[in-house]
Amino acid sequence: MEEILKSIVLGLSSGGIYALLAICYVVIYKSTRVFPFSQAAMLIIGAYVMWFCLIVWNLPVWLGFLITCGTGALMGMAIERVFMRPLVGQPILAPIVVTLCLMLLLRGVGILVGKGNIQGFGESFLPQGAWEVGFLHLPKIQVYGFFLCAALIAALMLFYDKTRIGLGMRVVHEDHVVAQNLGINVKRVFQYSWVISCMIAVVAGMLLGNIQGVGLALDANGLIAIAAVLFGGLESFAGAIIAGLAIGILQMLTISYIAPLLPGETTMMIPFVFLLVILFLKPYGLFGLVKIERL
Amino acid sequence: MSVNVDRPCGIFDRNYYQAKELFRTPLRKGLLALLIVAMYLFPFWTNEYGISILIVICAFTIGMLGLQIITGYCGLISIGHAAFMGVGMYTVGILQRHFGLSFWVCLPLAGLVPMVIGMMFGIPALRMKGLYLAFATLAAHFVIVYVISNWRSVTNGTDGMWMKRPGMLLGIDFQTDRNYYLLVLTITILMTYLATNLSRTKLGRAFVAVRDNDIAAEIMGINIAYTKIMAFGIGCFFAGIAGALGGAYYEYVNVEWFGLDDSIWFLGFLVVGGFGSIFGAIAGAAVWKIMDELSTLVTPLAEAFLGGMAFYASAAFSLIFYALIVIIFLVFEPRGIAHRWQIIKRSYRLHPFPY
């Protein structure tokens, strides 16, 4: 019982990042109907940029944060404008292949930037150490990271809910043609979505780099978050949050119960088995829109 | 792929035999025969290096044909094709290591085992399509790679395992590269012929119908479940054969040879070659492997300029370079080299008139 509780609490705290990552997929998918596989590699970029700011250039944390976010925003803008804009209206396969190739391209950029080494933030920019609450051992990085993720998600929701641009984006989520007729610049909304999503991805990347070390292996987290997106449903923010936390818990339960039984990287594999199970049982996820097609 | 559209002027079918022919004009037949003869004679004037490139191109052509059947004909997006190729490689490796079977027995099994596994992972295709199927195959990729790298007692884990090339058959010794190339070429021609014919059978036409509109296809009486699963099965069969031939050439398999990158490049270079045509699959495989060779040729250059970081730089450059090529093709020529080739052929045929 104690073990289960421990796994759940730890899973919740690490699930925050999966929720954030799932959101960054959903932001783009909802508005552009393109699934951005490339965001997985965006994590690597974010982590390396933050590492350069803090360790190589010795900048203060807030400046590093701003520079990283700015890089993410610029890259998002560039990706949308250069690679995704020409593919609007193409059959589904084209954007899938392009985002997958972008993932590898960004990975290549990551190799070029980081020379393939795994770096650490040394003195982490989030407080280190851990809290001992009863039998729980809570690393501070995880908890602060969780709250940072929660704050970011809340800010994003507020942005969608309260601002005029957010309102326009919600219209685009519903229907591109309707939005266009209402005078909303759909292309600009696509661009905003990529910018927001890439900013979220680089922030998640720097958090993950803080926890796992800055290296090329970070994109595995992005791929695992795909399982979360699918579990929650591709079109649902609430689903993404719930499913992200669920995947976090699943991973911790895997570590305590399944990892002793099976060799190798079970934490990498179990989310994908979970993904397959979801696809078999409930392909559109918890809150996804069930598409009914007709001729 | 229907051949009727790009037939030269004045060639008509006068009987059913002519209508059923794969290659219609004497010129095409002659050129094809010439090409095949040239391919067979090629190893006699090239060196080991040339042969090795050709063997790899042939093996990847078979794999690419499999993906062409799954993705190009049936429209099911597969991001796990390299993993199925790996299953084929490991099937041969395991059967040789644990049961001591000869290569000739292993080869068909190397096709059938990935076929069954591919059909299993194709089951989600019954309920979904497009993006969701991409997720399912992505998951399949990770599960397969996990099983191969961790089932140590059978697959020897991440250390890889040794394989044996086929021994003597009909007095030909396949241990030498040249003879092995002839074997691979023969199988490649056979598989290409199979794939070409497949697109003209009932099943092949059902694939295309499902790709174009699966609901309409269902209304027309096509069993969608059967068609999709068969597409996965046949495609993975091709992948398995390709893996077996490629693995046996190196006489070694390793799980690192079929990473997620390779699955993505399979899809990407299929786009470069061209969707929905046999020629596209061959062109895609050839372009991919030729680029591979070019990037290894560039590595010493990079070493001269960059010194110690050359290894990472060349890995990074090949990733960036390939990705850019695929993306540029998707943006400017989404129908690939095959389409470009059709345009060239048509303009040649219609010369001096523009249409």
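These numbers come from a predicted model, not from an experiment. (Residues numbered from 1 in each chain as written. Chains lettered and ligands numbered in written order. Predicted model: local features only at pLDDT ≥ 70, side-chain atom pairs only at ≥ 80, totals over all residues.)

Looking now at the overall build of chain A. For chain A, the count of helices and strands is 11 helices and 2 strands. Moving toward the C terminus, one meets the helices and strands of chain A in the order α-α-α-α-β-β-α-α-α-α-α-α-α. Taken against the 2.2 N^0.38 rule, which gives 19 Å for 295 residues, the C-alpha radius of gyration of chain A at 19 Å falls within 12% of a compact globule. Taking the principal axes of its C-alpha atoms as reference, chain A extends roughly 60 × 50 × 35 Å. The 295 residues of chain A split such that 54% are buried. (Helix = DSSP H or I, 4+ residues; strand = E, 2+ residues; numbered from the N terminus. Rg over C-alpha atoms; globule rule 2.2 N^0.38 Å. Buried ≥ 20, exposed ≤ 12 C-beta atoms within 10 Å, placed from the backbone.)

Counting its secondary structure elements, chain B contains 15 helices and 4 strands. Computed over its C-alpha atoms, the radius of gyration of chain B comes to 21 Å, within 12% of the 20 Å expected for a compact globule of 355 residues. The dimensions of chain B, computed from C-alpha atoms along their principal axes, are 60 × 50 × 50 Å. Put simply, chain B has 355 residues, and 45% of those count as buried. In chain B, 76% of the contacts between residues at least 6 apart in sequence involve partners at least 24 apart. (Contact = placed C-beta atoms within 7 Å.)

The next subject is the interface of chain B and chain A. For interface size, the figure often reported is the accessible area lost on association. Listed per partner, the contact involves 38 residues of chain B and 40 residues of chain A. Mapped onto the side of chain B that touches chain A, the elements with two or more residues apiece are helix H6 (131–150), helix H10 (214–219), helix H12 (260–273) and helix H14 (310–332) of chain B. Among the elements that make up the side of chain B that touches chain A, the one with the highest residue count is H14 of chain B (12 residues). Among the residues forming the side of chain B that touches chain A, the class breakdown is 32 nonpolar, 4 polar and 2 charged. (Nonpolar A, V, L, I, M, F, W, Y, C, P; charged D, E, K, R; others polar.)

The subject of this paragraph is the packing of helix H5 (residues 140–162) of chain A against helix H6 (residues 164–174) of chain A. Residues and elements named next belong to chain A. At a minimum axis separation of 5 Å, H5 and H6 run at an interaxial angle of 85°. On the basis of their axis angle, the class for H5 and H6 is roughly perpendicular. Residues Phe159, Tyr160, Asp161 and Lys162 of H5 form the contact with H6, whose participating residues are Gly166, Met169 and Arg170. (Axes fitted to C-alpha atoms, helices over the stretch in contact; angles between N-to-C directions. Parallel < 35°, antiparallel > 145°, perpendicular 65-115°, else oblique.)

Here we take up the environment of Met269 of chain A. Following the sequence through the fold, Met269 of chain A ends up in helix H11 (residues 266–281). In this structure the C-alpha to C-alpha distance between Met269 of chain A and Leu43 of chain A, which are 226 residues apart in sequence, comes to 20 Å. Not counting chain neighbours up to four residues away, the residues in contact with Met269 of chain A comprise Phe142, Val143 and Tyr146 of chain B.

A few words now on the packing of helix H10 (residues 237–258) of chain A against H11 of chain A. All names here are of chain A. The contact between H10 and H11 brings their axes to 9 Å, and the two run at 125°. As summarised for this structure, H10 and H11 are arranged oblique, according to the angle between their axes. The hand of the H10/H11 crossing is right-handed. Each of Ile247, Leu250, Gln251, Thr254, Ile255 and Ile258 in H10 lies in contact with H11, whose residues at this interface are Thr266, Thr267, Ile270, Pro271 and Phe274. Class assignment of the residues belonging to the contact of H10 with H11 gives a composition of 7 nonpolar, 4 polar and no charged. (Left-handed = near helix turned anticlockwise from the far one by under 90°.)

Ranked by size, the top nonpolar core spans 216 residues in total, and within it Leu20, Ala22, Ile23, Val97, Cys101 and Ala204 of chain A together with Val326 of chain B carry the most contacts. In terms of residues, this core owes the most to one element, helix H8 (residues 186–212) of chain A, which gives 17 residues. Once residues within four sequence positions are removed from consideration, Val97 of chain A is found in contact with Leu267, Gly268, Val271, Val326 and Leu330 of chain B. (Core = buried A, V, L, I, M, F, W, Y, C linked by C-beta atoms within 7 Å.)

This brings us to the confidence of the model for chain A. For any part of a model where pLDDT is low, the fine detail of the predicted coordinates should not be relied upon. In this model, chain A carries a mean pLDDT of 85, and residues with pLDDT of at least 70 account for 99%. Per-element confidence in chain A is highest for helix H3 (residues 61–84) of chain A, whose mean pLDDT is 90, and lowest for strand S1 (residues 130–133) of chain A, whose mean pLDDT is 75. (pLDDT = per-residue confidence, 0-100.)

Turning our eyes to something else, we now look at the pairing of S1 of chain A. Residues and elements named next belong to chain A. Here S1 pairs with strand S2 (residues 136–139) via 4 bridges, running antiparallel. Bridge assignment links Trp131 to a residue of S2, and that residue is Leu138. Linking two consecutive strands that pair antiparallel, namely S1 and S2, is a turn of 2 residues; a positive phi of about 60° is found at Gly134 within it. (Pairing = 2+ DSSP bridges.)

Residue and element names in this part refer to chain A. A positive phi angle, close to 60°, is found at Arg33, a residue other than glycine. Within the secondary structure layout, Arg33 lies in the loop between helix H1 (2–32) and helix H2 (39–56). Even without being glycine, Asn58 reaches a positive phi, approximately 55°. Topologically, Asn58 is positioned in the loop between H2 and H3. Given 8 C-beta atoms within 10 Å, Asn58 falls into the exposed group.

Residue and element names in this part refer to chain A. By the element assignment, Met42 lies in helix H2. Note: C-alpha distance between Met42 and Val88 (46 residues apart in sequence) is 22 Å. Apart from residues lying up to four places away in sequence, Met42 is in contact with Gly72, Leu106, Cys198, Ala201, Val202 and Gly205.

Before going further, it helps to spend a moment on the confidence of the model for chain B. All names here are of chain B. With 93% of its residues at a pLDDT of at least 70, chain B reaches an overall mean of 83. Taken element by element, the predicted model of chain B shows its lowest mean pLDDT in strand S2 (residues 168–169) (69) and its highest in helix H9 (residues 202–212) (90). Across the whole predicted complex the pTM is 0.88, and at the interface the ipTM reaches 0.87.

The terminal C-alpha atoms of H11 of chain A, which comprises 16 residues, lie 22 Å apart, in line with the 22 Å expected from a rise of 1.5 Å per residue. Along H11 of chain A, the residues classified as buried are Thr266, Met269, Ile270, Pro271, Phe272, Phe274, Leu275, Leu276, Ile278 and Leu279 of chain A. For H11 of chain A, the elements touching its buried residues are helix H9 (219–232) and H10 of chain A together with H6 of chain B. (Expected span 1.5 Å × (residues − 1).)

So, about the environment of Arg170 of chain A. All names here are of chain A. Within the secondary structure layout, Arg170 lies in helix H6. For Arg170, a count of 16 C-beta atoms within 10 Å translates into the label partly exposed. Spatially, the C-alpha atom of Arg170 lies 15 Å from that of Ala155, the residues being 15 residues apart in sequence.

Moving on, we get to H8 of chain A. An ideal rise of 1.5 Å per residue puts 39 Å on 27 residues; H8 of chain A measures up with 38 Å between its terminal C-alpha atoms. Just downstream of H8 of chain A, Gly213 of chain A is the residue with a positive phi angle, here 95°.

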